Amino acid sequence: PNNPTGMMYSEAELKAIGEVCLKHHLMIISDEIYEKLTYTDRPHVSIAQLSDELKQQTIVINGVSKSHAMTGWRIGYACGDSKIIKAMTNYASHSTSNPTTISQYGALAAYQANDDEIELMKKSFKDRLEQAYEMLNKLPGFKCIKPQGAFYLFPNVTEALKLTGFNNVDDFAAAILEKEKVAIIPGSGFGAPNNVRLSYATDLDQLLEAIKRIERFLLNNQK
Ligand SMILES: Cc1ncc(COP(=O)(O)O)c(C=O)c1O
């Protein structure tokens, strides 16, 4: 799943991307941090699993930040060709040194545990997604494609900008923050100047309250 859209590549799409990468001898860095947070029947597929050739050319990035809600622990990992990983290890050890022992043991415990907690968390994310997605699409000028994973909604707000007279999503998001104390991220930083990103990594009550406030903002600020 992608940040910010929450969309996933299909196996066929990954195969097609893989073919291009193989043809042009391109290394692939596959960031699979949201691997566990998917909400459709479609399983997560890594480009590295599609063929031995692709595996050889891919570095998979993952970590405990999302799967185990351990963002602050600063544990991630890279998997790939041993020579490259060795060079990365040497570089990291001389530049940022190593994560704390406590974090390393915390991550070990997380990976040794079964996935029950992840499943619970995922169910909760899915509930929030269902409700927030429906409410969001009813807001004037908001159009949202249903995400397949991660924990973001990325509505297109072109019409909402027109309704409220804002010239860009940055000013729009700043005004919502100032007037309604709701933080949404302008899509401009992601190269999507007509979208905003909402995260549902907060509890359902707060999330629904936030969407109500955005609705109030839209109603009170019509041009
Ligand atoms: C696409 C993507 N990759 C990786 C990460 C994980 O970052 P970190 O482990 O530094 O918290 C994030 C977190 O926002 C992300 O969105």
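### Quick notes on the nonpolar core
Note on soluble globular proteins: their nonpolar side chains tend to be buried together. Core analysis: the biggest nonpolar cluster contains 36 residues, and F142, L153, F172 and I214 have the highest contact counts within it. Mapped by element, the contributors of at least two residues to this core are α6 (116-138), β4 (152-153), α7 (158-164), α8 (169-180), β6 (196-199) and α9 (204-220). No fewer than three residues from each of domain 1 (11-112) and domain 2 (117-220) sit in this core. When near neighbours in sequence (up to four residues on either side) are disregarded, L153 contacts L129, A132, Y133, L136, C144, P147, V196, R197, L198 and Y200.

### Regarding α6
For α6, built from 23 residues, the straight-helix expectation of 33 Å at 1.5 Å per residue is met to within 8% by its first-to-last C-alpha distance of 34 Å. If you check which residues of α6 are buried, you get I118, M121, K122, F125, R128, L129, A132, Y133 and L136. Buried residues belonging to α6 abut α3 (64-67), β4, β6 and α9.

### Focus: the side chain of N221
Topologically, N221 is positioned in the segment after α9. Residue classification places N221 among the buried residues on the basis of a relative accessible area of 18%. In terms of polar contacts, N221 uses its side chain to reach the side chain of K179, at 3.0 Å. Excluding anything up to four places from it in sequence, N221 contacts L163, T164 and K179.

### Notes on the pattern of salt bridges
Taken as a whole, this structure holds eight salt bridges when the rule is applied. One salt bridge connects K36 with D115, and the closest N-O pair in it is separated by 3.3 Å. Note that K36 is positioned in the loop between β1 (28-31) and α2 (52-56) and D115 in the loop between α5 (101-112) and α6, a separation of 79 residues in sequence. Here K36 falls in the partly exposed class, since its relative accessible area comes to 30%. In this structure, K126 and E130 form a salt bridge, with 3.5 Å as the shortest nitrogen-oxygen distance. Of this pair, K126 and E130 both sit in helix α6, four residues apart, which is roughly one turn of that helix.

### A closer look at unusual backbone geometry
Of note, the bond from N3 into P4 is cis; its omega dihedral lies within 30 degrees of zero at 20 degrees. With a phi close to 55 degrees, H25 is a non-glycine residue in the positive phi region. The topology assignment puts H25 in the loop between α1 (11-23) and β1. Even without glycine at this site, S97 takes up a positive phi of about 65 degrees. Along the chain, S97 falls in the loop between α4 (82-95) and α5.

### As for α9
Compared with the 24 Å implied by 1.5 Å per residue over 17 residues, the 24 Å span of α9 between its first and last C-alpha is a close match. Turning to α9, its buried residues are L207, L208, A210, I211, I214, F217 and L218. Elements that come into contact with the buried residues of α9 comprise α6, α7, α8 and β6. With a side-chain oxygen lying 3.2 Å from the backbone nitrogen of D205, the N-terminal cap of α9 falls on D203.

### Details of a nonpolar patch on the surface
Taken together, the side chains of M27, I84 and M88 make up a nonpolar region of the molecular surface, amounting to roughly 250 Å² of accessible area. If you trace the backbone, M27 turns up in the loop between α1 and β1. M27 sits in the partly exposed class, given a relative accessible area of 45%.

Criteria and cut-off values
Residues numbered from 1 in each chain as written. Predicted model: local features only at pLDDT ≥ 70, side-chain atom pairs only at ≥ 80, totals over all residues. Heavy atoms only, no water. Core = buried A, V, L, I, M, F, W, Y, C linked by side-chain atoms within 4.5 Å. Buried < 20%, exposed > 50% of the residue type's maximum accessible area, 1.4 Å probe, protein only. Helix = DSSP H or I, 4+ residues; strand = E, 2+ residues; numbered from the N terminus. Domains from an automatic or database assignment. Contact = heavy atoms within 4.5 Å. Expected span 1.5 Å × (residues − 1). Polar contact = N/O pair within 3.5 Å; in protein donor to acceptor, adjacent residues only side chain to side chain. Salt bridge = Lys/Arg side-chain N within 4 Å of Asp/Glu carboxyl O. Patch = residues over 30% accessible without salt bridge, like charges linked within 9 Å, V, L, I, M, F, W, Y side chains within 5 Å. Areas by Shrake-Rupley, 256 points an atom, 1.4 Å probe, with all protein chains shown as cover.

That is the geometry; function is a separate question.
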